[in-house]
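Structure at a glance
The chain contents come next:
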Amino acid sequence: MAPVEPTLDRAYIGRTFCVVVMAGLGSISGTLIAAIILGVAESIVLTMFGALLGAGDLVRDAARRARRPAARSARPMMKHRNSIVFWAGVAIFLAAVLSMTQIVRNEYPFFAGYVILQFIALAVAWSILGGYAGYVNFGTNAFFGVGVYTAVALFKATGAPLVVQIAAAAVIGMLLGFGVGLLTLRMRGIFFSIATIALAIIIETFVMNWRFVGGAAGIQLQRPPVTAPFDSYVKMLFFVQAVLVVIAVAIARYIQNSRIGRGLQALRDDELAAECTGVPTLKLKLVACMISGALISAAGAPAAMYLQYADPSSAFNLSYSVSALAMSLIGGTAHWIGPVLGAILLGSTQQLLAVTISSEVNVLVLGIMLVLFVVGAPKGIIGLLRPRYRLRAGGKP
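Here the structure is a predicted model, which is why all the values come from computation and not from measurement.

Concerning the overall build of the protein
A tally of helices and strands in the protein yields 17 helices and 2 strands. Classification of the 397 residues of the protein by burial places 42% in the buried group. A separation threshold of at least 6 residues defines the contact pool for the protein, and within that pool the share at least 24 residues apart is 77%. In the structure as shown, the protein presents an accessible area of about 21,100 Å², 71% of it carried by carbon and sulfur atoms.

Describing the pattern of salt bridges
By the definition in use, this model includes 4 salt bridges. Note that R105 and D231 form a salt bridge whose closest N and O atoms lie 3.0 Å from each other. Of this pair, R105 sits in the loop between helix 3 (55-103) and helix 4 (108-132) while D231 sits in the loop between strand 1 (219-220) and helix 8 (233-257), and the two are 126 residues apart along the sequence. A salt bridge links K285 to E271; its shortest N-O distance comes to 2.7 Å. Taken as a pair, K285 in helix 11 (residues 281-300) and E271 in helix 10 (residues 271-276) lie far apart in primary sequence, 14 residues in all. Its relative accessible area of 8% is what places E271 among the buried residues. One connected set of salt bridges, linked through shared partners, spans R105, D231 and K235.

Describing helix 5 (residues 140-158)
With 19 residues, helix 5 extends 27 Å between its outermost C-alpha atoms, agreeing within 8% with the 27 Å of an ideal straight helix rising 1.5 Å per residue. In the segment just after helix 5, G159 is the residue with positive phi, at about 70°.

A word on the packing of aromatic side chains
In total, this model carries 12 aromatic pairs according to the counting rule given. When the ring of F110 is compared with that of F238, the centres are 5.2 Å apart and the planes differ by 75°; the resulting orientation is edge-to-face. One end of the pair, F110, is in helix 4; the other, F238, is in helix 8, and 128 residues separate them in sequence. Relative accessible area serves as the criterion here: at 0%, F110 is assigned to the buried category.

A short note on the environment of G139
Its location among the elements puts G139 in the loop between helix 4 and helix 5. A residue is classified by how much of its surface remains accessible, and G139, at 0% relative accessible area, is buried. Along the chain, G139 and S193 lie 54 residues apart, while their C-alpha atoms are 7.9 Å from each other. Each residue touching G139, except ones within four places of it in the same chain, is listed here: T196 and S321.

Focus on a nonpolar patch on the surface
Judged by side-chain polarity, M187, I190, F191 and I194 come together as a nonpolar surface patch covering roughly 410 Å² of accessible area. Mapped onto the elements of the fold, I190 is located in helix 7 (residues 190-208). For I190, a relative accessible area of 52% puts it in the exposed group.

Quick look at the packing of helix 4 against helix 8
Interaxial distance between helix 4 and helix 8 falls to 9 Å at its minimum, and their mutual angle equals 20°. When the axes of helix 4 and helix 8 are compared, the pair comes out roughly parallel. Every pair of crossing elements has a handedness; the one defined by helix 4 and helix 8 is left-handed. When its residues are assigned to classes, the contact of helix 4 with helix 8 shows 19 nonpolar, 4 polar and 1 charged.

Looking at the nonpolar core
One finds V148, Y149 and V152 to be the most contacted residues of the largest nonpolar core, which totals 99 residues. With residues near it in sequence (within four places) discarded, V148 still touches G300, A301, A303, A304, A310 and A315.

Describing the environment of L346
Locating L346 in the fold gives a position in helix 15 (residues 337-356). Sequence separation between L346 and M369 is 23 residues, and the spatial gap between their C-alpha atoms is 8.3 Å. Every residue in contact with L346, bar those within four places of it in the chain, is listed here: A326, M327, I330, L366 and M369.

What counts and how
- Residues numbered from 1 in each chain as written.
- Predicted model: local features only at pLDDT ≥ 70, side-chain atom pairs only at ≥ 80, totals over all residues.
- Heavy atoms only, no water.
- Helix = DSSP H or I, 4+ residues; strand = E, 2+ residues; numbered from the N terminus.
- Buried < 20%, exposed > 50% of the residue type's maximum accessible area, 1.4 Å probe, protein only.
- Contact = heavy atoms within 4.5 Å.
- Areas by Shrake-Rupley, 256 points an atom, 1.4 Å probe, with all protein chains shown as cover.
- Salt bridge = Lys/Arg side-chain N within 4 Å of Asp/Glu carboxyl O.
- Expected span 1.5 Å × (residues − 1).
- Phe/Tyr/Trp six-rings, centres within 6.5 Å; stacked < 30°, edge-to-face > 60°.
- Patch = residues over 30% accessible without salt bridge, like charges linked within 9 Å, V, L, I, M, F, W, Y side chains within 5 Å.
- Axes fitted to C-alpha atoms, helices over the stretch in contact; angles between N-to-C directions.
- Parallel < 35°, antiparallel > 145°, perpendicular 65-115°, else oblique.
- Left-handed = near helix turned anticlockwise from the far one by under 90°.
- Nonpolar A, V, L, I, M, F, W, Y, C, P; charged D, E, K, R; others polar.
- Core = buried A, V, L, I, M, F, W, Y, C linked by side-chain atoms within 4.5 Å.

Written out as structure tokens, the structure reads:
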């Protein structure tokens, strides 16, 4: 049995307005008399002429009641179908990546592909706080560097495997996100952004004076033996980063389609109004900051083994923050797939330029593309595709 839902259409609003006007706009006794008169008159008219006057309303009400259960039953079916398509795409993607590691012998595609996958993970993780909640975070490099040096410290101290390094980096990044969120998320606008920049400087200064992980001079790392079925450590890192991308995208997609995502979008549109309507804004911002920090740190953990070297100036490079922000804005923050598209476009372009011209022009290209999209397509690639493919902000195509 369908639940009884109260309705308030224009007819009821019109009746209320008529009663108030007939009562003299303020008289309680007049309101009661006017309501009785209007009710009796309407009952008489419907009794005498109901077959003629009420037929259309009855048909419309019946059609409306018939559509409601159908809409309720169609919504879960649509959501289930989208989930099947998404996870089927994930399975195909991971199978393709694994097959590529077994077939392709040249290692350069994996070097370049690792960087692109890394930026996809960073852009998606950044969009959880910067896109859904609207808090522009310039501290991506802080969380990334924390992930790098968490992996370095664990590997040097215990020789921990890569999976343990990534898990530990995610936990440290989540705890850092919680602490940073408590201190900075009460700030808004440019003040929050400045606070996140200061965070990166503070952590980098601490790492530069930490002798155990090499200090300012950095540290060389020797890769452990590769794990089957991979014949190269770079190929294994490529597959691991692909798995991290899947995890980041799946979490971002879930958040966007859940109450958390709707709450974050509400506080992004108007935080004060969201608070007044009962949305726990601080709690949601803390959750978003913790998840974003965990994913960014996890994406940074394999970087030390990728380069076989780590130093503070490269691990905490501001380019990570700028690139993650630019890729999200270019792709569009209204849908979880936007940062993915932006990272693929910008990351592939940068890798192509690094091979054909020089890596020094990467920042120039990033700035030009960002300006072009901000001016010509302020909603990003998603804003251009939405009228054609009907992508909704709720995350369901």
